[in-house]
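What follows is the residue order along each chain.
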Amino acid sequence: MDFLSKYLQSTAEKEQNKAVIAYLASLDYISTDSPKIAESILQELKDQRSNLKMIASENYSSLAVQLAMGNLLTDKYAEGFANHRFYAGCSNIDAIEEEAMSQVKKLFGAEFAYVQPHSGADANLIAFLAILIEKVQSPELERLGAKKVDELSHEDYETLRKVLMNQSLLGMGLNSGGHLTHGYRHNLSSKLMRAFSYEVDPKTQLLDYENIEKLALEIKPLILVAGYSAYPRAINFARMKEIAVKAGSVFMVDMAHFAGLVAGKVFEGDFNPIPYADIVTSTTHKTLRGPRGGLILAKKEFGHILNKGCPLAMGGPLPHVMAAKAIAFQEANKPSFHSYAQKIVKNAQTLAEELVRLGLRITTGGTDNHLLVVDVTSFGITGRQAEGALRAANITLNRNTIPSDPNGPWYTSGVRLGTPALTTLGMGPAEMKIIAKLIHAILKSTKAKEDRAQFVTEEKTLLHVNKQVEELLLTFPLYPEIRI
Ligand code: DSN
């Protein structure tokens, strides 16, 4: 590969366009060491440029965010937390971690921030453990007459472990749009604690706060979790907090999906989790548009435990990713991020309205956020078949269960669509209307084969949609400054 010298010969803006130079140089340089890896990076760029990215949990980060991850920060061990490390020579990592913490606290108005989690799942695990330690282990230690776990005899430690493992968690069920880490049977969360789920109302598919309250008062969980991966509505966190208080639960919110909508002030008042939750976890790469990673915000009382996320549950922090998080938080602190967040929702609502107008069934009938879940059963296909047919048409999304899904989480009866990435490209309501028609055309022209994963789509429609997608993406290109 020799992208950089071609670029330098063809542009007079070379002094100004440092990001492009860095990007191209890195590709060229990687290709000298590993042509295979350079080829895959290039291929991924081409792939993302030729498909409409509608996976609700994905986005396009800025080149500054991406480039911050490609350097020697990855070589540094920094177990511990800022200014409290188990390794020498961490002062630069301290500065990076402190900058990321300060930017994200400002962004969300949070008392405490922990920016090390490698993912949202890590963030949730650390949050669960912090709550168990603060609310269960500490009083149990006192009862056993010890200050630290190290002081306990083997027998007393076993007693403590049994008490810790006997706690309960109440979160939104996977079929209703909750996340795996909120107590799903195939996730550690349901092995670590006794896990219970609340589900959406079968008729409206909306959260039923009265029902959640009833369940919470019966179970009295240690932790009440709010948050979702596939629920298209705003949650009333003031109401959820009220339930948590009545049930004597710690209130935790996983805002991985909608963090960008909180940062962008779309979700305010009762719908902003920060003032209400004891602990808020998130990812940094979805609506928040940062690097792949996790994040925890909390009331101060949990800070001293959360800071011990490594080694409590996690390996060494990733300093290069913390640097990229700091940049992303700074970007989200700019006023332009507010209008970005508003446009995400406007686009999702337009898409939903147009799909409904075309006769599609959308769970809850619409959306308040960045995502929608479409029931594809009326087309006689599974979610898996719909996902495959749409990908063949260059529309990338993921299959998703709908409430009470008869097809289970592998085949599913729905697809989940999101607008964060297309909004980053600059698309608006006019494009959403076109895309709704394209999705409808593909679903209508797809027939199921016997196997629940196999399908066939009418050739003429497929070619038409491919062409339309290509035209849209030529008008709204990804990283237009990178001309390769
Ligand atoms: N995998 C993420 C999503 O797609 O929603 C959540 O973990």
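The sections below set out a description of the structure shown in this document. (Residues numbered from 1 in each chain as written. Predicted model: local features only at pLDDT ≥ 70, side-chain atom pairs only at ≥ 80, totals over all residues. Heavy atoms only, no water.)

### Description of the overall build of the chain
Looking only at helices and strands, one finds 20 helices and 17 strands in the chain. For 484 residues, the compact-globule estimate of 2.2 N^0.38 gives 23 Å, and the C-alpha radius of gyration of the chain, at 24 Å, lies within 12% of that figure. Along the longest, intermediate and shortest principal axes, the C-alpha atoms of the chain span 75 × 55 × 40 Å. Counting the 484 residues in the chain, one finds 55% classified as buried. Considering only contacts within the chain whose residues lie at least 6 apart along the sequence, 73% involve residues at least 24 apart. (Helix = DSSP H or I, 4+ residues; strand = E, 2+ residues; numbered from the N terminus. Rg over C-alpha atoms; globule rule 2.2 N^0.38 Å. Buried < 20%, exposed > 50% of the residue type's maximum accessible area, 1.4 Å probe, protein only. Contact = heavy atoms within 4.5 Å.)

### Concerning the sheet that holds strand β6 (residues 194–198)
Ordered by their spatial adjacency, 7 strands build an open sheet running β4-β10-β9-β8-β7-β5-β6, and the pairing between neighbours is mixed. At either margin of the open sheet sits one strand with a lone partner, and together these are β4 (112–114) and β6. Averaged over all pairs of adjacent strands, the angle between their axes in this sheet comes to 20°, without regard to strand direction. The pairing of strand β5 (residues 168–172) with β6 spans 5 bridges and is parallel. Bridging across to β6, Met172 finds its partner in Tyr198. Across the sheet, helix α6 (residues 120–143) is in contact with β4, β5, β7 (223–227), β8 (250–254), β9 (279–283) and β10 (294–298); its angle to β9 comes to roughly 165°. (Pairing = 2+ DSSP bridges. Axes fitted to C-alpha atoms, helices over the stretch in contact; angles between N-to-C directions.)

### Some remarks on the site of the ligand
Taken together, the residues surrounding the ligand are Ser57, His179, Ser229, His257, Lys286 and Arg416. Between the ligand and the protein, one listed contact pairs an oxygen atom with a side-chain N or O atom of Ser57 at 2.7 Å. Contacts to the ligand include His257, whose side-chain N or O atom sits 2.7 Å from an oxygen atom. Look at the ligand: alone it shows 230 Å² of surface, and the protein chains cover 62% of it. Among the residues making up the shell around the ligand, the classes are represented as no nonpolar, 4 polar and 2 charged. (Near = heavy atom within 4 Å. Polar contact = N/O pair within 3.5 Å; in protein donor to acceptor, adjacent residues only side chain to side chain. Areas by Shrake-Rupley, 256 points an atom, 1.4 Å probe, with all protein chains shown as cover. Nonpolar A, V, L, I, M, F, W, Y, C, P; charged D, E, K, R; others polar.)

### Thoughts on the sheet that holds strand β11 (residues 361–362)
Strand order in the open sheet formed by 4 strands is β11-β12-β15-β14, with antiparallel pairing between adjacent strands. Either end of the sheet is taken by a strand with one partner, and the two such strands are β11 and β14 (398–400). Taken together, the 5 bridges between strand β12 (residues 371–375) and strand β15 (residues 414–418) define a ladder with antiparallel strand orientation. Its bridge partner being in β15, Leu372 is matched across the sheet by Leu417. Along the sheet, helix α15 (residues 336–357) contacts β11, β12 and β15; its crossing angle with β12, the most-contacted strand, is approximately 15°.

### Quick word on the pairing of β8
Here β8 lies mainly inside the structure; 5 of its 5 residues are buried. Side-chain alternation along β8 places Val250, Met252 and Asp254 on one buried face and Phe251 and Val253 on a second face that is also buried. Across 5 bridges, β7 lies against β8 in parallel orientation. Across the sheet, the residue bridging to Ala226 is Val253, located in β8. Viewed along the sheet, the connection from β7 through helix α10 (residues 237–247) into β8 turns out right-handed. Relative to β9, β8 runs parallel, the two being bridged by 3 bridges. Each bridged residue has a counterpart across the sheet, and for Val253 the counterpart in β9 is Val280. (Right-handed = clockwise from strand over helix to strand, strands pointing away.)

### Brief notes about the nonpolar core
Ranked by size, the top nonpolar core spans 63 residues in total, and within it Phe108, Met240, Met255 and Leu297 carry the most contacts. Top element by residues in this core is helix α5 (residues 91–108). It accounts for 7 residues. Setting aside residues up to four positions removed in sequence, Met255 forms contacts with Phe108, Val262, Pro273, Ile274, Val280, Thr281, Ser282 and Leu297. In this structure, Leu52, Leu397, Met427 and Tyr479 belong to the second largest nonpolar core, which totals 53 residues. (Core = buried A, V, L, I, M, F, W, Y, C linked by side-chain atoms within 4.5 Å.)

### Considerations on the packing of aromatic side chains
Considering all chains together, one arrives at 6 aromatic pairs under this definition. Consider the rings of Phe237 and Phe258, whose centres lie 5.9 Å apart with planes at 25°: the pair is stacked. Of the two residues, Phe237 sits in helix α10 while Phe258 sits in the loop between β8 and α11 (259–263), which places them 21 residues apart along the sequence. Of the residues examined, Phe237 reaches a relative accessible area of 1% and is grouped as buried. Looking at Phe258, the relative accessible area reads 1%, which means it is buried. (Phe/Tyr/Trp six-rings, centres within 6.5 Å; stacked < 30°, edge-to-face > 60°.)

### A closer look at the side chain of Asn398
Tracing the chain through its elements places Asn398 in strand β14. The contacts of Asn398, once residues within four sequence positions are left out, are Ile55, Glu387, Val415 and Arg416.

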